[in-house]
Amino acid sequence: MHVGGEVDVRSAYCAAAVASLTNVLTPALFTGTAEWIARCQNWEGGIGGVPGMEAHGGYTFCGLAALVILKKEHLLNLRSLLHWVTGRQMHFEGGFQGRCNKLVDGCYSFWQAGLLPLLHRALHTQGDEALSMSRWMFDQSALQEYILLCCQCPAGGLLDKPGKSRDFYHTCYCLSGLAIAQHFGSGDLHHELVLGIPENRLVGGGRGYRTPTSGLLQAQSALSFTLAAAHASHLQHCAGKSGEGSDALLAAACAQPGGNRVGVCAPPIWAE
Ligand SMILES: [Zn+2]
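Heads up: these notes are all about the structure in this document. Being a predicted model, the structure only gives us computed values, none of them experimental.

**A few points about the overall build of the protein chain**
Reasoning step 1: The helix and strand tally for the protein chain stands at 11 helices and two strands.
Reasoning step 2: Taken from N to C terminus, the helices and strands of the protein chain fall in the order α-α-α-α-α-α-α-α-β-β-α-α-α.
Reasoning step 3: Counting every position in the protein chain, which comprises 272 residues, the buried fraction comes to 49%.
Reasoning step 4: Within the protein chain, contacts between residues at least 6 apart in sequence are counted, and of these 65% link residues at least 24 apart.
Reasoning step 5: When the accessible surface of the protein chain is split by element, carbon and sulfur atoms take 59% of a total near 12,800 Å².

Okay, here's the thing in structure tokens:
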């Protein structure tokens, strides 16, 4: 970010986003940046913080989004990236993990699922005729199951996983991921996929999506718990376990200790 300072793909994304928003983005300002970001894509297919580092959902979103802003996403191996990110959605939970062999976490509902619209657009630009024009390339219903069933705090706000406390960070990115899972494209290409009853549809504007504190409580009403029983039985069916296990999962999500403490125990960004 400055001479002699730390180098990080997150910083590259912030710089590109700010330059774009303030209309000062010039080729000279970002000489070599796109090529450096491309070097952060490793053998796994995802992107690490610097060249040679492990692929990670947060860094990968920043890297791809920065290249989209710089109109250089073609420098990446997009199919390798697609293979990596789709492998991060876990079959049982339905949510995304941030890295290989890590636990699912609600915030990656955005960092990982958010890659799919960017990849869809990039591959469409390259003329990929196999692309769906109504669905993203991940299981949108399964991600909604995880967010709605496992990530809601009854007192408002959303969380990483059952047993964790709610916090603003996970509330923001769970809701952002839910929006991606429920909506494909825009305009004439817009397709909506809302799991369960209509009340599960995330409503923007006055209903609290990505709004300040008062909106977080309103968001709870927009995200219904009524799917819980059906989803618990679905998870139970998939796992071949008794109903007690599913009930315990739901109970853990609903009755976590410290669930009323807003903003405490928030994990460091992307450390998990
Ligand atoms: Zn998280």
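**Digging into helix H7 (residues 140-150)**
Reasoning step 1: Within H7, 10 of the 11 residues are buried, which leaves it mostly tucked inside the rest of the structure.
Reasoning step 2: Considered for burial, the residues of H7 that qualify are Gln140, Ala142, Leu143, Gln144, Glu145, Tyr146, Ile147, Leu148, Leu149 and Cys150.
Reasoning step 3: One side-chain oxygen at the N-terminal end of H7 lies 3.2 Å from the backbone nitrogen of Ser141; it belongs to Asp139.

**Quick word on the nonpolar core**
Reasoning step 1: Grouped together as the largest cluster of nonpolar side chains are 61 residues, with contacts concentrated most on Leu64, Leu76, Trp111, Leu119 and Phe138.
Reasoning step 2: Looking at this core, the elements with two or more residues in it are helix H1 (9-21), helix H2 (33-39), helix H3 (57-69), helix H4 (78-86), helix H5 (108-111), helix H6 (115-125), H7 and helix H8 (168-182).
Reasoning step 3: When sequence neighbours within four positions are dropped, the list of residues in contact with Leu76 reads Ala38, Gln41, Ile47, Leu64, Leu67 and Leu81.

**Topic: the packing of H7 against H8**
Reasoning step 1: Where H7 contacts H8, the axes come no closer than 9 Å and their chain directions differ by 150°. Here H7 is positioned roughly antiparallel relative to H8, judged by the angle of their axes. When the axes of H7 and H8 are compared, the crossing they make is left-handed. Contact residues: H7 offers Gln140, Leu143, Gln144, Ile147 and Leu148, while H8 offers Cys174, Gly177, Leu178, Ile180, Ala181 and Gln182.
Reasoning step 2: Its residues placed into classes, the contact of H7 with H8 shows seven nonpolar, four polar and no charged.

**Some details on the state of the cysteines**
Reasoning step 1: By the definition in use, this model includes zero disulfides.
Reasoning step 2: Cys172 forms no disulfide, and the closest cysteine sulfur to it belongs to Cys174, at a distance of 9.4 Å.

**Remarks on unusual backbone geometry**
Reasoning step 1: Here Asn23, not a glycine, exhibits a phi torsion of approximately 60°, which is positive.
Reasoning step 2: On the secondary structure map, Asn23 appears in the loop between H1 and H2.
Reasoning step 3: A relative accessible area of 71% means that Asn23 is categorised as exposed.
Reasoning step 4: Even without a glycine there, the phi angle at Lys71 is positive, about 60°.
Reasoning step 5: Checked against the element boundaries, Lys71 lands in the loop between H3 and H4.
Reasoning step 6: For Lys71, a relative accessible area of 68% corresponds to the exposed category.

Conventions used here
Residues numbered from 1 in each chain as written. Predicted model: local features only at pLDDT ≥ 70, side-chain atom pairs only at ≥ 80, totals over all residues. Heavy atoms only, no water. Helix = DSSP H or I, 4+ residues; strand = E, 2+ residues; numbered from the N terminus. Buried < 20%, exposed > 50% of the residue type's maximum accessible area, 1.4 Å probe, protein only. Contact = heavy atoms within 4.5 Å. Areas by Shrake-Rupley, 256 points an atom, 1.4 Å probe, with all protein chains shown as cover. Polar contact = N/O pair within 3.5 Å; in protein donor to acceptor, adjacent residues only side chain to side chain. Core = buried A, V, L, I, M, F, W, Y, C linked by side-chain atoms within 4.5 Å. Axes fitted to C-alpha atoms, helices over the stretch in contact; angles between N-to-C directions. Parallel < 35°, antiparallel > 145°, perpendicular 65-115°, else oblique. Left-handed = near helix turned anticlockwise from the far one by under 90°. Nonpolar A, V, L, I, M, F, W, Y, C, P; charged D, E, K, R; others polar. Disulfide = S-S within 2.5 Å.

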